[in-house]
Amino acid sequence: MRRNRTITTALVQTRIRGDRDGGFRALVSQQFDGRALRRELQFSVSPEQLAESGGAAMYCPSCRARRRCDAITFTSLGLEPQRRHGLGGRPEISWSRRVRMCRSCFYHFITAEVSESLILEMGEMLDEKGDDSETAGPGASTVIPFRRGRPR
Ligand SMILES: [Zn+2]
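My aim in this report is to walk through the structure given alongside it, one point at a time. These numbers were taken from a predicted model, which means no experiment stands behind them.

What counts, and at which threshold
- Residues numbered from 1 in each chain as written.
- Predicted model: local features only at pLDDT ≥ 70, side-chain atom pairs only at ≥ 80, totals over all residues.
- Heavy atoms only, no water.
- Salt bridge = Lys/Arg side-chain N within 4 Å of Asp/Glu carboxyl O.
- Helix = DSSP H or I, 4+ residues; strand = E, 2+ residues; numbered from the N terminus.
- Buried < 20%, exposed > 50% of the residue type's maximum accessible area, 1.4 Å probe, protein only.
- Pairing = 2+ DSSP bridges.
- Axes fitted to C-alpha atoms, helices over the stretch in contact; angles between N-to-C directions.
- Donors = N, O, S within 2.8 Å, 3.2 Å for Na, K, Ca; no water.
- Tetrahedral: all angles 85-135°; square planar, octahedral: opposite > 155°, others 65-115°.
- Phe/Tyr/Trp six-rings, centres within 6.5 Å; stacked < 30°, edge-to-face > 60°.

## Re the pattern of salt bridges
Here comes step 1: A complete count under the given rule lists 6 salt bridges for this structure.
Here comes step 2: For the salt bridge of R25 with E40, the shortest nitrogen-to-oxygen distance reads 3.7 Å. Of the two residues, R25 is situated in strand β3 (residues 24–32) and E40 in strand β4 (residues 35–43); the sequence distance between them amounts to 15 residues.
Here comes step 3: Using a relative accessible area of 34% as the deciding quantity, one classes R25 as partly exposed.
Here comes step 4: Assessed through its relative accessible area of 53%, E40 is described here as exposed.
Here comes step 5: A salt bridge links R90 to E92; the shortest N-O distance between them is 3.4 Å.
Here comes step 6: Classification of R90 by relative accessible area gives partly exposed; the value is 45%.
Here comes step 7: Overall, E92 belongs to the partly exposed group, its relative accessible area being 41%.
Here comes step 8: Overlapping salt bridges bring together D19, R25 and E40 as one network.

## A word on the sheet that holds β4
Here comes step 1: Here we have 4 strands laid out as an open sheet, ordered β1-β2-β3-β4, and antiparallel in their pairing. Across the chains shown, the open sheet's two edge strands, defined by having one partner strand only, are β1 (5–8) and β4. Across this sheet, the average inter-strand angle for adjacent strands is 15°, counted without regard to direction.
Here comes step 2: Bridge analysis of β3 against β4 gives 9 bridges, and the strand direction is antiparallel. By the bridge assignment for β4, Q30 is matched with L37.

## Some remarks on the coordination of the zinc ion
Here comes step 1: Around the zinc ion, the protein supplies C60 (SG), C63 (SG), C102 (SG) and C105 (SG) as donor atoms, at distances of 2.3 to 2.4 Å.
Here comes step 2: The site at the zinc ion holds 4 donor atoms, and with the angles between them running 106 to 115°, its shape is tetrahedral.
Here comes step 3: Positions of the donor residues of the zinc ion along the chain correspond to the pattern C-x2-C-x38-C-x2-C. With C63 in the loop between β5 (56–60) and β6 (65–72) and C105 in the loop between β8 (90–102) and β9 (108–113), the pair connects residues that are 42 residues apart, well separated along the chain.
Here comes step 4: Owing to a relative accessible area of 21%, C63 belongs among the partly exposed residues under this scheme.

## Describing the packing of aromatic side chains
Here comes step 1: The tally for this structure, following the rule as stated, stands at 5 aromatic pairs.
Here comes step 2: Seen from their ring centres, F43 and F106 are 5.7 Å apart, and the 35° between their planes marks the pair as tilted. Here F43, found in strand β4, pairs with F106, found in the loop between β8 and β9; they are 63 residues apart in sequence, far enough to count as distant. Side by side, F43 and F106 carry an identical accessibility label, which is buried.
Here comes step 3: Among the aromatic side chains, those forming a connected cluster through ring pairs are F24, F43 and F106.

Set out below in structure tokens:
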């Protein structure tokens, strides 16, 4: 592995510079939540070691693959702490925002934590709307639909 390289995707550009002690620095440039984000990060392990440990496994929109991602606070990026967000006029739809950073490409992105029932209901609605090709059929859907208009 080269000590110095640049990771470029459609979403992030990260310059990797190897340090003498075996660690490295990553200079990240990207758009984040509507503004330019530039961060210099320093790690005491190799990029390969970082990518293979820690964080939580999830889909990285930049790598377009499942990667290990860290949770980062908005305040560590110099931003206001986030309150719970909602859709106006729809109290049943609200979520918490969380910043994630991919440990492979260093892309920073926001995930939303919602109640599981919302996801299940969304899947049910997609099933109903679907074209019967993959989602319908015996045993395809195990989601119990909620009656509309009732609190959950
Ligand atoms: Zn990534």
